[in-house]
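# Summary of structural features
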Amino acid sequence: MLRYIFKRLVYILIALFIIITATFFLMKLAPGSPFASERDFPPQIEEQLNAKYGLDNPWYIQYKDYLVDTVSFDFGESMKYKGRSTNDIISESFPISLTLGIEAMILSIGLGIFLGVVAALYHNKFPDYLASTIAVLGISVPSFILAGLMQYFLAFKLDLFPVSGWKGFNYSILPALAIAITHAGFIAKLTRSSMLEQANSDYVKMARSKGLGKWSVVIRHSLRNALMPVITYLGPLTAGVVTGSFIIEQIFAIPGLGRHFVTSITNRDYTVIMGTTVFYSIILLFAVLVVDILYSVIDPRIKLKGAKK
Amino acid sequence: MAKKDLQFGNIEPDKFRVVGIKQDETEKLADKSVSFWKEVFLRFSQNKLAIFGIIALVIIALLAIFVPVFSPYSYREQLGIYNAPPSASHWFGTDDLGRDVFVRVWQGARISLFIGITAAVIDLIIGVLWGSISGLAGGRLDNIMMRIADVLSAVPYLLVVIILLVVLEPGLLPMIIALSITGWINMARIVRGEVLSIKNQEYVLAARTLGASTWHLIKRHLVPNALGAILVTMTLTIPSAIFTESFLSYLGLGVPAPTASWGTMASEGNKALTSAPWRLFFPAFFISLTIFAFNAVGDGLRDALDPKLRK
């Protein structure tokens with residue numbers, strides 16, 4: 001187990017190094033400069049700005065500085081918003097994205113499992129068709145389209161929810177739903193097929209013949225085993241919720257980290273782009289590791305590769 | 001054995017009679033013998049959802065090919081009628097620059113489908129080469145190639161794609177490069193798995209002992225057996241590529257104006273949602289329908305190819 005975790009940590013470090021290096025060189029190659037919109041400046045000022053951010057050094061010095069800064073988790077001041085450090089931006093906006101993300105995850109897992117269980121219990125009957133249709137629609141309709149449609153019908157036409165902004169729980173329902181539904185569809189599909197598999201197993205038949213009700217068999221017996229494939233989906237789910245937030249925060253005007261990431265890209269705000277990329281990468285890489293460890297803890301049959309026998 | 005044991009309830013043993021073996025019936029084939037692919041085709045054609053998907057895709061492809069050719073308007077022509085709702089002359093209405101949305105949707109379909117299919121084909125080529133070399137070679141080379149794939153797949157996919165698109169000027173080629181840069185890993189893993197499992201089968205060993213060359217093995221055993229998994233993976237790659245493309249276009253990283261993919265159109269439509277909702281609805285509907293159709297076909301293929309689901 002320890003050996004396995006160590007091996008995975010080494011992978012994560014290599015992957016991080018590749019991401020950091022790739023971002024650095026791609027940014028160097030990128031056309032446009034963060035000071036482009038302030039072109040009226042005399043050349044001396046631009047020189048000074050470049051000197052301040054170290055952009056006048058040869059690339060290997062810049063690369064070395066950048067690596068040192070990244071390891072000490074100091075990404076420097078934003079090139080666009082004077083006086084704000086990247087760390088400030090992350091610590092300010094990440095909690096918002098985290099709240100939204102957790103809400104979206106709870107929604108997608110809850111909704112997905114519920115739909116999957118209903119579909120499996122009423123296999124090939126009306127509730128199954130209904131739940132499966134919802135799941136398929138959720139998978140097929142991209143989140144940003146769903147967001148637009150919900151904004152139009154639920155918020156604008158019917159006035160049930162606020163259209164956009166971030167001023168309370170009410171404001172988070174539509175964005176969280178928009179992120180969650182695609183993943184709820186996948187989880188529903190996984191839950192349905194593994195529940196159907198469980199339904200034919202001896203222990204479920206035994207529990208049924210003992211006289212237990214349909215739902216208590218589900219809750220006390222089969223669901224626990226059926227959730228195994230769902231747990232493997234938690235890694236992709238985290239990644240999906242994070243990337244989903246890029247667009248959804250934009251659509252609903254939520255001041256989260258996803259929106260800052262996207263604006264920093266259009267602004268060519270190098271320091272913020274690199275800072276958020278590294279930050280996101282760390283979160284995603286560790287999320288996948290945690291899921292893999294969790295999986296082996298929950299299911300004793302799974303032996304992690306590289307673990308001691 | 002006691003006579004009593006042969007009793008079933010109150011049926012006496014003498015109620016039974018020996019029929020004997022009917023030689024000609026036991027040797028008879030229950031059904032016509034069909035080849036594997038014929039059977040796959042049969043099972044696939046019984047899947048209503050998959051057939052619906054195929055029909056939808058054919059219609060979408062035909063419209064994408066012919067509408068921009070035969071339409072009285074071109075996709076970039078500004079007609080002077082701004083944000084007009086759908087009508088007889090403009091079936092899907094017009095946009096804020098007075099362009100016909102119907103033509104633009106099908107022009108966009110060309111781009112979205114082209115990007116999706118090209119990305120899937122590139123994934124296929126790199127993935128099959130990487131996976132089969134890795135699987136066939138085995139040993140140290142296999143180890144190194146798979147570790148490279150492991151590390152690459154640990155890199156969050158969309159972050160890389162976004163950063164790559166920031167650097168490359170937006171356009172068709174950068175989009176395809178960005179989509180296939182990490183997309184091939186999945187294919188490579190699946191192909192390697194197939195190759196490894198086939199390589200160790202006894203019939204392959206038998207063929208080898210009979211003196212079959214490696215090329216013969218690849219042609220006669222590996223390719224036909226791995227084809228199913230490759231086909232399914234490819235059909236399921238296309239919708240995810242189309243989705244990613246529209247996602248990136250939505251962020252403003254797609255093909256530049258005046259060409260518009262579905263994602264760009266949906267993004268512009270979303271901004272004009274309150275005044276001209278049809279500008280979101282039509283591209284949104286066709287993105288969703290296409291993704292759904294490809295997924296349905298892919299799932300149908302997977303079920304049809306799975307011998308365990310044989311009836």
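Residues numbered from 1 in each chain as written. Chains lettered and ligands numbered in written order. Predicted model: local features only at pLDDT ≥ 70, side-chain atom pairs only at ≥ 80, totals over all residues. Heavy atoms only, no water.

### Re the overall build of chain A
Let me state the cut-off plainly: A run of H or I in DSSP becomes a helix once it reaches four residues, and a run of E becomes a strand once it reaches two; helices and strands are each numbered from the N terminus. Partly exposed residues are those whose accessible area sits between 20% and 50% of the maximum for their type, while under 20% is buried and over 50% is exposed, using a 1.4 Å probe and protein chains only. Working rule for contacts: check all heavy atoms of both residues, and any pair within 4.5 Å makes them a contact. In short, Shrake-Rupley with a 1.4 Å probe defines the accessible areas, and a residue's cover is counted only from the protein chains shown. We count Lys and Arg on the positive side and Asp and Glu on the negative side, and we leave His and both chain ends out. All charge positions are set by atom: Lys at NZ, Arg at CZ, Asp at CG, Glu at CD.
Tallying secondary structure elements over chain A gives 13 helices and zero strands in all. Counting helices and strands in the order they occur from the N terminus, chain A gives α-α-α-α-α-α-α-α-α-α-α-α-α. Each principal axis of the C-alpha atoms in chain A carries an extent, and together these give about 85 × 60 × 30 Å. Relative to its 309 residues, chain A shows a buried fraction of 46%. Considering only intrachain contacts with a sequence separation of at least 6, the fraction spanning at least 24 residues in chain A is 74%. Accessible surface, chain A: about 15500 Å² in total, of which carbon and sulfur atoms supply 67%. For chain A, the centre of its 28 positive side-chain charges and the centre of its 20 negative side-chain charges are spaced 17 Å apart.

### Some remarks on the UniProt feature "domain: ABC transmembrane type-1" (unreviewed entry) in chain A
Applicable threshold: UniProt positions are given in the numbering used here, feature names are shortened, and annotations may be inferred rather than shown by experiment.
UniProt annotation of "domain: ABC transmembrane type-1" (unreviewed entry) refers to residues 94–295 of chain A when read in the numbering used here. From the first C-alpha to the last, residues 94–295 of chain A spans 27 Å; its make-up is 84% helix and 0% strand.

### Here's the deal with the side chain of A:S140
Heads up, the rule is: Whenever a nitrogen or oxygen atom comes within 3.5 Å of another N or O atom, the pair is scored as a polar contact, on the condition that within protein one atom can donate a hydrogen and the other can accept it, and that pairs from neighbouring residues in sequence are kept only if both atoms are in side chains.
Along the chain, A:S140 falls in helix α5 (residues 126–140). Polar side-chain contacts of A:S140 include one of 2.8 Å to the backbone oxygen of A:V136.

### Notes on the UniProt feature "transmembrane region" (unreviewed entry) in chain A
UniProt tags residues 9–27, 104–122, 134–156, 168–188, 230–252 and 272–298 of chain A as "transmembrane region" (unreviewed entry). Annotated as residues 168–188 of chain A, this span is 95% helix and 0% strand, and its ends, taken at the C-alpha atoms, are 29 Å apart.

### Brief notes about the interface of chain B and chain A
It is common to report an interface's size as the accessible area lost on association of the parts. In plain terms, the rule: The rule for a salt bridge is simple: a side-chain nitrogen of Lys or Arg has to be within 4 Å of a carboxyl oxygen of Asp or Glu. In this classification, the charged set is Asp, Glu, Lys and Arg, the nonpolar set is Ala, Val, Leu, Ile, Met, Phe, Trp, Tyr, Cys and Pro, and all remaining amino acids, among them Gly, are polar.
At the interface, 33 residues of chain B touch 40 residues of chain A. Between chain B and chain A we count one salt bridge in total. Between B:D299 and A:K189 there is a salt bridge; the shortest N-O distance is 3.0 Å. Taken together, chain B and chain A are joined by two residue pairs in polar contact (both at pLDDT 80 or more). When residues of the side of chain B that touches chain A are traced back to their parent elements, those giving at least two are α5 (139–154), α6 (157–167), α9 (214–250), α10 (262–271) and α11 (278–305) of chain B. Sort the elements by how many residues they give to the side of chain B that touches chain A and α11(B) lands first, with nine residues. Residues belonging to the side of chain B that touches chain A are distributed by class as follows: 24 nonpolar, five polar and four charged.

### Regarding the environment of A:A226
Residues and elements named next belong to chain A. Mapped onto the secondary structure, A226 falls in helix α9 (residues 214–226). Residues A226 and L190, 36 residues apart in the sequence, show an inter-C-alpha distance of 8.6 Å. Residues in contact with A226, not counting those within four places in the same chain, are S194, M195 and Q198.

### What about unusual backbone geometry?
Residue and element names in this part refer to chain A. The phi dihedral of N124 is positive, around 60 degrees, even though this residue is not glycine. In this fold, N124 is placed in the loop between α4 (86–121) and α5. Relative accessible area serves as the criterion here: at 46%, N124 is assigned to the partly exposed category. For D159, which is not glycine, the phi dihedral falls at a positive 60 degrees. By the element assignment, D159 lies in the loop between α6 (143–157) and α7 (169–199).

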